[in-house]
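Residue-level structural notes
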Amino acid sequence: MGLLRGRRDDEPQGRRFQMRQKLASIGDDFWIEDDGGERAFKVNGKAFRVRDTFVLEDLAGNEIARIQERKLSVRDKIAIERGGDTVATVHKALVGIRDRFAIDVEGGADLKAHGNIVDHEYEIERDGQTVANVSKRWFRVRDTYGVEVSPGEDAGLVLAIVVALESLTD
């Protein structure tokens, strides 16, 4: 069971990952661990870039997604790319008083993130269905939070979105 606290029977059975609360600075790398405390993905903070750039890599060092800040726009945006193509764009929603972010997904249904993004207590939804829950409650370790990805969802894309949200709110 690793670092996870006990789970109730009525809780969803998605994949859980552990992330650090403060995103590494550009040039720093950090690991995303699974719920057993094993390394699952690496976030590589690319140094010497004009824009904030992070690369999500698998254990073998293969690029899963490139997360890049988009400058020269009215509001802050971060693009998530795979194979040189933008697959999603994360930006602050224009309406609402709570933390809300829109995630425009190329060729698919758009997502939204809402809740307390800064305190890592939020969810990501598609058409009212939960894609991922983010919470600090699952881990006993300080300065970490968990990301539970719903079954059947693209864990790499969801984790890239969480890194983008962290970068936008840092």
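The paragraphs below set out a description of the structure included in this document.

Inspection of every chain in the model, using the stated rule, returns 6 salt bridges. A salt bridge links Arg137 to Glu121; its shortest N-O distance comes to 3.5 Å. Pair noted here: Arg137 is in the loop between strand S11 (129–135) and strand S12 (144–149) and Glu121 is in strand S10 (residues 121–126), with a separation of 16 residues, a long-range link. For Glu121, a relative accessible area of 26% puts it in the partly exposed group.

What follows is about the environment of Gly152. Mapped onto the elements, Gly152 comes out in the loop between S12 and helix H1 (155–169). Residue class for Gly152 comes out exposed when judged on its relative accessible area of 84%. A C-alpha to C-alpha distance of 8.6 Å links Gly152 and Gly14, two positions 138 residues apart in sequence.

Moving on to unusual backbone geometry. Positioned with a positive phi, His120 is a non-glycine residue whose angle comes to about 60 degrees. Looking at where His120 falls in the secondary structure, it is placed in the loop between strand S9 (111–116) and S10. A relative accessible area of 3% places His120 in the buried class.

What counts and how
Residues numbered from 1 in each chain as written. Predicted model: local features only at pLDDT ≥ 70, side-chain atom pairs only at ≥ 80, totals over all residues. Heavy atoms only, no water. Salt bridge = Lys/Arg side-chain N within 4 Å of Asp/Glu carboxyl O. Helix = DSSP H or I, 4+ residues; strand = E, 2+ residues; numbered from the N terminus. Buried < 20%, exposed > 50% of the residue type's maximum accessible area, 1.4 Å probe, protein only.

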